[in-house]
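# Observations on the model geometry
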Amino acid sequence: QVQLVESGGGLVQAGGSLRLSCVTSGRTFSSYAMGWFRQAPGKEREFVAAITGSSVYTRYADSVKGRSTISRDNTKNTVYLQMNSLKPDDTAVYYCAACNNPWITPTLQNQYDFWGQGTQVTVSS
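Report on the accompanying structure. Because the structure is predicted, anything quoted here is derived from the model rather than measured. (Residues numbered from 1 in each chain as written. Predicted model: local features only at pLDDT ≥ 70, side-chain atom pairs only at ≥ 80, totals over all residues. Heavy atoms only, no water.)

Let us now look at the environment of Gly10. Assignment of secondary structure puts Gly10 in strand E2 (residues 10-13). Residue Gly10 is classed as partly exposed on the basis of its relative accessible area of 24%. For the pair formed by Gly10 and Trp103, sequence separation is 93 residues and the distance between their alpha carbons is 32 Å. Apart from the residues within four sequence positions on either side, Gly10 is in contact with Leu18, Gln120, Val121 and Thr122. (Helix = DSSP H or I, 4+ residues; strand = E, 2+ residues; numbered from the N terminus. Buried < 20%, exposed > 50% of the residue type's maximum accessible area, 1.4 Å probe, protein only. Contact = heavy atoms within 4.5 Å.)

Shown next as structure tokens:
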């Protein structure tokens, strides 16, 4: 079993930045692809970014491409999401997720095997 704990959310003004972190425990961290999703009030959970186990490949949703960077530190069992130029539309609960296949960058929720509890990001205008 893998446990994921997100942190780094908060309230930020539009144009600001945040770095989300997700620490995992359990199996060897590099054996998982990792992803970030978000869910805004009244909306479905959506894909944000993903990264392979070795960090070679990353993938981003169009809505965050150019403004966000996903990275990981396998020595710290941690995946990060750096978000810049934040907009009110980025307001959501952000979730990290782990996929048992480290070679892919999954975009669908059902491709992930483990989920964190989420961290709230609120962007004020």
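Take the packing of aromatic side chains next. Here the structure, examined in full by the defined rule, presents five aromatic pairs. Taking 5.7 Å as the distance between ring centres and 75° as the angle between the ring planes, the aromatic pair formed by Phe37 and Phe47 counts as edge-to-face. Highlighted residues: Phe37 in strand E4 (residues 33-39) and Phe47 in strand E5 (residues 46-51), separated in sequence by ten residues. Judged by relative accessible area, which is 1%, Phe37 ranks as buried. According to the relative accessible area criterion, Phe47 is buried, its value standing at 12%. Connected via pairs of aromatic rings, a cluster forms that spans Phe37, Phe47, Tyr112 and Trp115. One residue, Arg45, lies across the ring of Tyr95, its end atom 3.8 Å from the ring centre. (Phe/Tyr/Trp six-rings, centres within 6.5 Å; stacked < 30°, edge-to-face > 60°. Lys NZ or Arg CZ within 6 Å of the ring centre and 35° of its normal.)

All told, the structure shown has one disulfide when counted by the stated rule. A sulfur-sulfur distance of 1.9 Å marks the disulfide that ties Cys22 to Cys96. Between Cys22 and Cys96, the S-S dihedral sits near 40°, and the bridge is therefore right-handed. Of this pair, Cys22 sits in strand E3 (residues 18-25) while Cys96 sits in strand E9 (residues 92-99), and the two are 74 residues apart along the sequence. By relative accessible area, which is 0% here, Cys22 ends up buried. Given a relative accessible area of 0%, Cys96 falls into the buried group. (Disulfide = S-S within 2.5 Å.)

Honestly, that's just the spatial picture; any functional story needs more than this.
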